[in-house]
Amino acid sequence: MVLAGAYLWIVAAHVIFVIFWMAGLFMLPRYLVYHQEALVAGRGDEAAIWIEREAKIRSIILTPAMIAVWVLGLTLATVGQHWGEGWLHAKLLFVLLLSGYHGWAVGYARRLARGVMRLDARRLRMINEVPALMATVIVVLVFVKPF
Ligand code: HEM
């Protein structure tokens, strides 16, 4: 298969887009904290700037990087014939959770843009740590392949 010779190049591209996606997943929830603080303090002008930044990070980094990670990851699983391996099934579960987190953060940004604040500041800050935990588990699964 033609793609088999390109396996290492696909791994490299996969990891590059993983870095972009994770960067976005670390930044957007932090923006949400600052955005919500501006809303609570009644700083409407600043809140409007956060809406713009959140839309940009979503369309320029988060969405394209997530699509690339999925397409390249599924290609690797197929070309490398990893589908029967337990670590990949566990990894997919965590990547699905990470994708769900991505959707939640984008949804929270849309709600903030309408002035809706569902979480208090402490919870919002705690939820910021979720992508780091997920990325840790995923990287261990990929490299250690415990099952
Ligand atoms: C979207 C679904 C994903 C699928 C189907 C997928 C699948 C794969 C596969 C099959 C490999 C090659 C493993 C090997 O050759 O040993 C790989 C490599 C890798 N993946 Fe993913 N992946 C996905 C998402 C992610 C995410 C979200 C992360 C990190 C947060 C990640 C991190 C890595 C890393 C670091 C490698 C390189 C491992 C090596 O050196 O071989 N992947 N991925």
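Residues numbered from 1 in each chain as written. Predicted model: local features only at pLDDT ≥ 70, side-chain atom pairs only at ≥ 80, totals over all residues. Heavy atoms only, no water.

With an unreviewed UniProt entry as reference, the chain is termed Protoporphyrinogen IX oxidase, source organism Sphingomonas insulae. Per its UniProt entry, the chain bears the Subcellular location (unreviewed entry) comment "Cell membrane". The UniProt entry for the chain carries the following text under Sequence similarities (unreviewed entry): "Belongs to the HemJ family." (UniProt positions renumbered as here; feature names shortened; annotations may be inferred.)

Let's talk about the coordination of the iron atom of the ligand
In this structure, His14 (NE2) and Lys91 (NZ) serve as the protein donors to the iron atom of the ligand, at separations of 1.7 to 2.1 Å. Coordination at the iron atom of the ligand is octahedral: its 6 donor atoms span angles of 86 to 177° at the metal. You can see histidine 14 sitting in helix α2 (residues 7-40) and its partner lysine 91 sitting in helix α4 (residues 86-113), a full 77 residues away along the chain. Taken individually, histidine 14 and lysine 91 each receive the classification buried, so the pair is uniform in this respect. (Donors = N, O, S within 2.8 Å, 3.2 Å for Na, K, Ca; no water. Tetrahedral: all angles 85-135°; square planar, octahedral: opposite > 155°, others 65-115°. Helix = DSSP H or I, 4+ residues; strand = E, 2+ residues; numbered from the N terminus. Buried < 20%, exposed > 50% of the residue type's maximum accessible area, 1.4 Å probe, protein only.)

As for helix α6 (residues 130-144)
The end-to-end C-alpha distance of α6, which contains 15 residues, comes to 21 Å, matching closely the 21 Å that a straight helix rising 1.5 Å per residue would cover. Within the span of α6, buried status applies to Pro131, Met134, Ala135, Ile138 and Leu141. Angular distribution of buried residues about the axis of α6 spans 130°; they occupy a single face of the element. The exposed set on the far side of α6, more than 90 degrees from its buried face, consists of Leu133, Phe143 and Val144. The elements touched by buried residues of α6 are α2, α4 and α5 (121-127). Of the residues one or two after α6, lysine 145 is the one with positive phi, at around 45°. (Expected span 1.5 Å × (residues − 1). Arc of directions from axis to C-beta. Contact = heavy atoms within 4.5 Å.)

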